[in-house]
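# Inside the fold
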Amino acid sequence: VFSVVVFGSIINEGYININSPELHCVYNKNEGACNYAISIGIIAFFACIFFLFLDINFAQISSVKDRKKAVILDMGFSAFWAFLWFVCFCFLANQWQRTPYSQEVDQAADAARAAIAFSFFSIITWVVMAVMAYQRFRLGTDMSLFATDQFGSGPNGGYPGYPTGSGIETTETYQSPPFTENADINPKGYQAPSY
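Thresholds applied
Residues numbered from 1 in each chain as written. Predicted model: local features only at pLDDT ≥ 70, side-chain atom pairs only at ≥ 80, totals over all residues. Heavy atoms only, no water. UniProt positions renumbered as here; feature names shortened; annotations may be inferred. Helix = DSSP H or I, 4+ residues; strand = E, 2+ residues; numbered from the N terminus. Buried < 20%, exposed > 50% of the residue type's maximum accessible area, 1.4 Å probe, protein only. Contact = heavy atoms within 4.5 Å. Areas by Shrake-Rupley, 256 points an atom, 1.4 Å probe, with all protein chains shown as cover. Disulfide = S-S within 2.5 Å. Core = buried A, V, L, I, M, F, W, Y, C linked by side-chain atoms within 4.5 Å. Patch = residues over 30% accessible without salt bridge, like charges linked within 9 Å, V, L, I, M, F, W, Y side chains within 5 Å. Salt bridge = Lys/Arg side-chain N within 4 Å of Asp/Glu carboxyl O. Expected span 1.5 Å × (residues − 1). Phe/Tyr/Trp six-rings, centres within 6.5 Å; stacked < 30°, edge-to-face > 60°. Lys NZ or Arg CZ within 6 Å of the ring centre and 35° of its normal.

- Under an unreviewed UniProt entry, the protein has the name MARVEL domain-containing protein and belongs to Staurois parvus.
- Reading the Subcellular location (unreviewed entry) entry of the UniProt record for the protein gives the comment "Membrane".

Given below as structure tokens:
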């Protein structure tokens, strides 16, 4: 949502006419500032849609390696995009500070300030998403992240598909005991040699 506000406000009111029929960026006539913010905002919007789709379909990913790659992609992209939003915020705030006052600039001031504010909010949002992805990555060694079946939590809760018993094994479950304690010392037909 923040990215839509950033690129929407700049596209809608971020270009003004200052003593010429040509449109100029409201941020100190620096076209790079407007283009950078619009690009970052549009890519962030589509990335959010992609990662939302990935989170919805995460349970259908059967390979543990593919799930790990998805979590690493989410973590890396979120951290990188938080950095790019930080650059965007600094760039827009710097150019806005250097913008000379005029009546045309005053008309677009609210949109320019909104883009700066929401680029700052985007930094926080993407950092939070990177931290959440990192926590999800750290849980990767715990197989509950990658397992789709829920295991029983009771003391007799076994794995799905296996019958659960009382948990106590008795000697009746075997046909014959593996070792006998009453074995004959000298079985028939064999005598122990004397030395």
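Moving on, there is more to tell.
### What about the overall build of the protein?
- Assigned secondary structure in the protein consists of 5 helices and 2 strands.
- Its helices and strands in sequence order give the protein the pattern α-β-β-α-α-α-α, from N to C terminus.
- The 195 residues of the protein split such that 29% are buried.
- Considering only intrachain contacts with a sequence separation of at least 6, the fraction spanning at least 24 residues in the protein is 67%.
- Approximately 13800 Å² of the protein is accessible, and the part contributed by carbon and sulfur atoms is 61%.

### Remarks on the state of the cysteines
- Applying the stated rule across the entire model yields 1 disulfide.
- Not part of a disulfide, C90 finds its nearest cysteine sulfur in C88, a span of 9.4 Å.

### Looking at the UniProt feature "transmembrane region" (unreviewed entry) in the protein
- Following the UniProt record, one finds the feature "transmembrane region" (unreviewed entry) at residues 36-59, 71-94 and 114-134.
- Segment residues 36-59 splits into 88% helix and 0% strand. End C-alpha atoms: 36 Å apart.
- Each end of residues 71-94 is marked by a C-alpha atom, and these two atoms are 35 Å apart; helix forms 100% of the span and strand 0%.

### Overview of the nonpolar core
- Counting residues in hydrophobic clusters, the biggest one holds 36 residues, and the most contacted among them are I10, V26, Y27, W85, L92 and W96.
- Listed by contribution, the elements that provide at least two residues to this core are α1 (2-13), α2 (31-56), α3 (64-98) and α5 (109-138).
- Dropping the residues within four chain positions of it, Y27 is found in contact with I10, A33, C34, L92, Q95, W96, T99, A111, A112, A115 and I116.

### Concerning a nonpolar patch on the surface
- Together, V4, I11, I42, F45, F46 and I49 make up a nonpolar patch on the protein surface, roughly 500 Å² of accessible area in all.
- Every element with two or more residues in the nonpolar patch is listed here: α1 and α2.
- Of note, I49 is situated in helix α2.
- What makes I49 partly exposed here is its relative accessible area of 43%.

### What about the pattern of salt bridges?
- Applying the stated rule across the entire model yields 2 salt bridges.
- D55 is the partner of R136 in a salt bridge, and the nearest nitrogen-oxygen pair spans 3.2 Å. Note that R136 is positioned in helix α5 and D55 in helix α2, a separation of 81 residues in sequence.
- A relative accessible area of 23% places R136 in the partly exposed class.
- Given the relative accessible area of 40%, D55 is considered partly exposed.
- The closest approach of N and O atoms between R113 and D110, which form a salt bridge, is 3.8 Å. On the criterion of helical spacing, the pair formed by R113 and D110 is a turn pair, its members being 3 residues apart in helix α5.
- R113 sits in the partly exposed class, given a relative accessible area of 46%.
- The class for D110 is exposed, based on a relative accessible area of 59%.

### Section: α5
- The terminal C-alpha atoms of α5, which comprises 30 residues, lie 44 Å apart, in line with the 44 Å expected from a rise of 1.5 Å per residue.
- Residues of α5 that are buried: A109, A111, A112, A115, I116, S119, S122, I123, W126, A130 and A133.

### A look at the packing of aromatic side chains
- Taken as a whole, this structure holds 14 aromatic pairs when the rule is applied.
- Three or more aromatic residues joined by ring pairs make a cluster, and in this case those are F50, F51, F77, F80, W81 and W126.
- The aromatic ring of F58 is capped on one face by R67, whose charged end is 5.1 Å from the ring centroid.
- One cation-aromatic arrangement involves R136 over F58; the distance from NZ or CZ to the ring centre is 4.1 Å.

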